[in-house]
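# Descriptive analysis of the structure
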Amino acid sequence: GYTNIHAGDSCGYGTAAKVMDGTGMDENLKKYGVKICDFDSGTKVDIGGHRAKQMVLSDEVIETDALINVCKMKTHALERVTGAVKNLYGTVYALNKAKGHTQYPDAYSFAGMLVDLNHFIGPKLHIMDGIVAMEGNGPTSGDPVQMNVLLASTDPVALDTVFCHLIDLKPELVPTNVIGTQQKLGTSNEGDITIVMPEGESSFEEAVKRFGKADFNVDRTIKRQYANWIRMLKIFKLFQKKPYIDAKECIHCGICVDSCPVEGKALQFKNGRKEPPVYDYKKCIRCFCCQEMCPHKAIKVKR
């Protein structure tokens, strides 16, 4: 009985309609009368979060009566994985997404903002597509991997926690899980999460046995007992992750330069476009927007 249903996104480049065209998504949405829309206007709203007080959100999101969050199971250079909590950053309007990376430049401040955003929007349901997931150099330049699973929950933190268990990643290594639990967006405590499969209630062990992939290529480094040392070393920019350009893959398109949110740009062409752009790591805030936006998988991340 619901009417006026839309499916949309705020794409880094291109449009939602163009991305969906030819994938089969567009044809299936038409069957159910769902209109494809681009988030092409936005409004600044007070969200009153712990970390984020105001954000510019897409008007389609603000005006909707109910939002269903559909995310992809994949890795992420900044947050280790991008799941249900992280996916809502797609509700931020246009170039304000890039600006957000300068306002919340590290994994934990960014995660705090994401938790505030989730509290404000309050999706009715979160669905993670893990039929074909992405491992390695995520969120856009990784490798496809068959996981053959769909996850759904009203709790985005619990959903992301189950995702972590399936790929042998400790949930507490994902900042959105930690802050999301602390601020009661959801729970990452295994004892508080019920796994339900088509056959009925199950266990984490059974879910991992049936659908897990222990060799899933994801960043599992930095043990908690070294956290204070790591923070200190980051002050001196030692042992941090950083993006770099694979010159063999780069076609000098300049999308990475355009996507850099830092004032004055952290990477620029030095000799016209004869060679790939060059990083100024003193300016780089390690937001990895360049890596995410590169359409040719030419930007990788190393420590």
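Up top is the structure these notes are about.
One pass over the full model with this rule turns up 7 salt bridges. Of the charged contacts in the structure, one is a salt bridge between Asp129 and Lys72, with a shortest N-O distance of 2.8 Å. Remark: Lys72 occurs in strand E5 (residues 68–76) and Asp129 occurs in strand E7 (residues 125–135); sequence separation between them is 57 residues. Taking the shortest distance from any N to any O, the salt bridge between Glu199 and Arg210 comes out at 3.2 Å. Residue Glu199 is found in the loop between strand E9 (195–197) and strand E10 (200–202), and its partner Arg210 is found in helix H9 (residues 204–211); the two are separated by 11 residues along the sequence. Overall, the relative accessible area of 41% leaves Arg210 in the partly exposed class.

A cis amide bond links Gly138 to the next residue, Pro139, at an omega of 15°. Tracing the sequence through the fold places Pro139 in the loop between E7 and strand E8 (143–153). Of note in the backbone geometry, Asp168 takes a positive phi value of approximately 60° without being a glycine. Following the sequence through the fold, Asp168 ends up in the loop between helix H7 (156–166) and helix H8 (175–182).

Right, let's talk about helix H6 (residues 107–121) for a bit. Here H6 spans 21 Å end to end across 15 residues, near enough to the 21 Å set by a 1.5 Å rise per residue. Burial within H6 is extensive, with 12 of its 15 residues counted as buried. Those residues of H6 that sit buried are Ala107, Ser109, Phe110, Ala111, Gly112, Met113, Leu114, Val115, Asp116, Leu117, Asn118 and Ile121. N-cap assignment for H6: the residue whose side-chain oxygen lies 3.0 Å from the backbone N of Tyr108 is Asp106.

When two helices pack together, their arrangement is given by the angle between their axes and by how far apart the axes lie. Close contact between H6 and H8 brings their axes to 9 Å; oriented N to C, the two are set at 50°. One finds that H6 runs oblique with respect to H8. When you trace H6 past H8, the crossing you get is right-handed. When H6 is examined against H8, the residues Ala107, Tyr108, Ala111, Gly112, Leu114 and Val115 are found in contact with a partner set consisting of Pro175, Thr176, Ile179 and Gly180. By residue class, the composition of the contact of H6 with H8 is 7 nonpolar, 3 polar and no charged.

Here the focus is the environment of Thr82. Counting through the fold element by element, Thr82 comes out in strand E6 (residues 80–82). Sequence separation between Thr82 and Met128 is 46 residues; the distance between their C-alpha atoms is 10 Å. With sequence-adjacent residues up to four places away left out, Thr82 is seen in contact with Lys72, Lys74, Thr75, His76, Asn87, Pro139 and Phe163.

Moving on to the packing of aromatic side chains. Counted according to the given criterion, the structure contains 3 aromatic pairs. Note on Phe163 and Phe216: the rings are 6.5 Å apart at their centroids and 85° apart in plane angle, and the pair reads as edge-to-face. Here Phe216 lies in the loop between H9 and helix H10 (227–235) and Phe163 lies in helix H7, a separation of 53 residues in the sequence. Both residues of the pair, Phe163 and Phe216, count as buried.

Turning to the environment of Cys256, a few remarks are in order. Of note, Cys256 is situated in helix H11 (residues 255–259). What makes Cys256 buried here is its relative accessible area of 8%. Note: C-alpha distance between Cys256 and Lys35 (221 residues apart in sequence) is 31 Å. Excluding residues within four positions of it along the chain, Cys256 makes contact with Leu267, Pro277, Cys290 and Ile299.

Pairing in this open sheet of 4 strands is mixed, and the strands run E6-E5-E7-E8 from one edge to the other. Each end of this open sheet is capped by a strand with a single partner; those strands are E6 and E8. Taken over all neighbouring pairs, the strand axes of this sheet differ in orientation by 25° on average, direction set aside. The sheet contact formed by E7 and E8 spans 9 bridges and is antiparallel. Bridging from a neighbouring strand, Asp129 pairs with Leu150 of E8. This element, H7, spans E5, E6, E7 and E8 of the sheet and lies at about 145° to E8.

Conventions we followed
- Residues numbered from 1 in each chain as written.
- Predicted model: local features only at pLDDT ≥ 70, side-chain atom pairs only at ≥ 80, totals over all residues.
- Heavy atoms only, no water.
- Salt bridge = Lys/Arg side-chain N within 4 Å of Asp/Glu carboxyl O.
- Helix = DSSP H or I, 4+ residues; strand = E, 2+ residues; numbered from the N terminus.
- Buried < 20%, exposed > 50% of the residue type's maximum accessible area, 1.4 Å probe, protein only.
- Expected span 1.5 Å × (residues − 1).
- Polar contact = N/O pair within 3.5 Å; in protein donor to acceptor, adjacent residues only side chain to side chain.
- Axes fitted to C-alpha atoms, helices over the stretch in contact; angles between N-to-C directions.
- Parallel < 35°, antiparallel > 145°, perpendicular 65-115°, else oblique.
- Left-handed = near helix turned anticlockwise from the far one by under 90°.
- Contact = heavy atoms within 4.5 Å.
- Nonpolar A, V, L, I, M, F, W, Y, C, P; charged D, E, K, R; others polar.
- Phe/Tyr/Trp six-rings, centres within 6.5 Å; stacked < 30°, edge-to-face > 60°.
- Pairing = 2+ DSSP bridges.

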